[in-house]
Every structure is written in C-alpha cells, then in structure tokens.
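# Examining the three-dimensional arrangement
One-letter residues, chain by chain:
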Amino acid sequence: MSEKNIILEMPIRMNECGPDGTLRSHIWFDYLQHIAAIHAEKLGFGISAIKENGLIWVLSRIKVVMEDAPRYDDILQIESYHNGAEKLFAKRQFIISSAVSGKRFGYASSFWLTLELPSFRPRPPAVFLGEAVHDNEEKEEFFSMLDKLSCPGELSGELHYDINSSVIDLNDHLNNTFYSAYALDWVANARQSHIHFKEIQVNYNRAMQFGEKLIVKGCLTGDDGFYVE
C-alpha cells in the first residue's frame, strides 16, 4: 500500500448479516465511510485537519454496485483511493473483495464536498488539498459525474422515523449509513420480502438533526428498480 491508496481487512460481524447469513446491503455504506475517513486522516486532510481550517467534509453522492453478498464468516478487503476533482466535488473510489478467496464483491464511486463553516458554502477541494487532489487520476474510476436523481412517478408508502440520539454521528447529524438503511426498509416493505440491493445511488441533499422527524416514501419501477425520497 502506498500513501495514495489504502487497503483494510475487516471481518464481517454476525450482527451485520440478515436471515440468509449474508451482509445486509446498507452495511456497505458503513464500511466505505469508515475507510474513507481513515485514509483521509492518514493523508492529512481528514475531519480533524480540515476543521482547523473552518471546513467540513460532506458526502454528497455515492453509487455502489454489489456483485455478490459476502457471508458472515468472510473477511472483507476494501481498497480505496481519491482520484481528482470534478467541479466542486472531490472523488473517491472503492473496491470490495474477499480477503479469503480474492473474489470481488463490488465497487463504488463517491463525490465529496468541502463546506465552509458556519455558512456551509461549498469551497473547491483544491483550496485545501492543493496538488494532492490530482493523485490517482490515472486509476480506474467506476462512475463519472453522478447526476441528480429525478422522481419517476407518484410516491407512496410512507415510513416515519424519529431522529434520536443513537443515530447521530460525530458531525452531529444523522449518520449517512441510515439513509440507505431506511431506503432498504421501504423497498422491503413494498415488496414484502427481505432484499439485497444490486446497485444503488444515494444523493444527500440535507442533514437531519437530533429531534427531527423523517418521512420516507417511494415507488417501484418496472425494471425491478426503485426510487426513494
């Protein structure tokens, strides 16, 4: 491993798996967020470093393809690297494999914003990262610019959640992982069965704070897809 990329091995815990013994889809987001934070800290532009400059990192968009669902007795090997910027977004890629067999389980692209405190105005990532923002631009990028998501039809099937203390993270808002978990709940309720995502894109538009109430609704599409707000 060079400084410009990071590879971590992480055992899958039993409480992260569903009834079929495989990793629940929304847990992927937890692993990816974790390795991104660790790598950024090692490179000197993690949460603590940019806060000293009056900035925060915000995950804006992420797209994940899940080629297979790993079992609870496997060990994940996750590789991640940042690879340039696009407009106001800093980009980061992920590859998820089995440390036991070497089989690839999936891959992802993510787009991050640096926001100025307390105004939350976006700043170009190069302002803080400098030339490091161009590292790994020659490496594989799984998805180019992740566009805005458009609603394909009428939304229904409301689920309601209270944003309580147990889901608030160190940035003092609802942790990113829970949005994919709530989307999983909505689709499973609509289909009346346990499900695994094969592909999902999440666009984050607004942070939810402690004490707020979240409404989730969506629709199923004819191509075995879904849309959730």
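All values reported here derive from a predicted model rather than from experimental measurement.

On to the overall build of the protein chain. Within the protein chain, the secondary structure is distributed over 4 helices and 10 strands. Secondary structure elements of the protein chain, listed N to C terminal, follow the sequence β-α-α-β-β-β-β-β-α-β-α-β-β-β. Whereas a compact globule of 229 residues would reach a radius of gyration of roughly 17 Å, the protein chain reaches 18 Å, a difference of no more than 12%. Each principal axis of the C-alpha distribution contributes one length, and for the protein chain these read about 50 × 45 × 35 Å. Counting every position in the protein chain, which comprises 229 residues, the buried fraction comes to 46%. Within the protein chain, contacts between residues separated by at least 24 positions form 74% of all contacts whose residues are at least 6 apart in sequence. Accessible area for the protein chain stands at about 12,100 Å²; split by element, carbon and sulfur atoms hold 51% of it.

This part is about the packing of aromatic side chains. Scanning all chains against the criterion turns up 7 aromatic pairs. Both rings, one in Tyr107 and one in Phe143, keep their centres 6.0 Å apart while their planes meet at 25°; by these two values the pair is stacked. Of this pair, Tyr107 sits in strand β5 (residues 104–116) while Phe143 sits in the loop between α3 (126–129) and β7 (156–162); the two residues are 36 residues apart in sequence, bridging distant segments of the chain. Since its relative accessible area comes to 16%, Phe143 is described here as buried. With a centroid separation of 6.2 Å and 40° between ring planes, the pair formed by Phe178 and Tyr182 is classed as tilted. With Phe178 and Tyr182 both in helix α4 (residues 177–191) and 4 residues apart, the pair spans about one turn of that helix. The class for Phe178 is partly exposed, based on a relative accessible area of 27%. A network of ring pairs unites the aromatic residues Tyr107, Phe142 and Phe143 as a single cluster.

Within the fold, Ile12 resides in the loop between β1 (6–11) and α1 (27–43). With near-sequence residues (within four places) excluded, Ile12 lies in contact with Cys17, Leu23, Tyr31, Pro70, Arg71, Tyr72, Asp74 and Leu76.

Next up on the list: the confidence of the model for the protein chain. Chain-level pLDDT for the protein chain is 90 on average; 98% of the residues reach the 70-or-more range. Of all secondary-structure elements in the protein chain, the lowest mean pLDDT belongs to α3, at 68, while strand β9 (residues 213–221) reaches the highest, 97.

Further remarks concern the sheet that holds β7. Read across the open sheet, the 3 strands follow the order β7-β9-β10; overall the sheet is antiparallel. Each having just a single partner strand, β7 and β10 (225–228) make up the two edges of the open sheet. Shown here is a sheet whose adjacent strand axes are inclined to one another by a mean of 25°, direction ignored. Strands β7, β9 and β10 of the sheet are contacted by α4, whose axis makes an angle of about 50° with β9.

Calculation criteria
Residues numbered from 1 in each chain as written. Predicted model: local features only at pLDDT ≥ 70, side-chain atom pairs only at ≥ 80, totals over all residues. Heavy atoms only, no water. Helix = DSSP H or I, 4+ residues; strand = E, 2+ residues; numbered from the N terminus. Rg over C-alpha atoms; globule rule 2.2 N^0.38 Å. Buried < 20%, exposed > 50% of the residue type's maximum accessible area, 1.4 Å probe, protein only. Contact = heavy atoms within 4.5 Å. Areas by Shrake-Rupley, 256 points an atom, 1.4 Å probe, with all protein chains shown as cover. Phe/Tyr/Trp six-rings, centres within 6.5 Å; stacked < 30°, edge-to-face > 60°. pLDDT = per-residue confidence, 0-100. Pairing = 2+ DSSP bridges. Axes fitted to C-alpha atoms, helices over the stretch in contact; angles between N-to-C directions.

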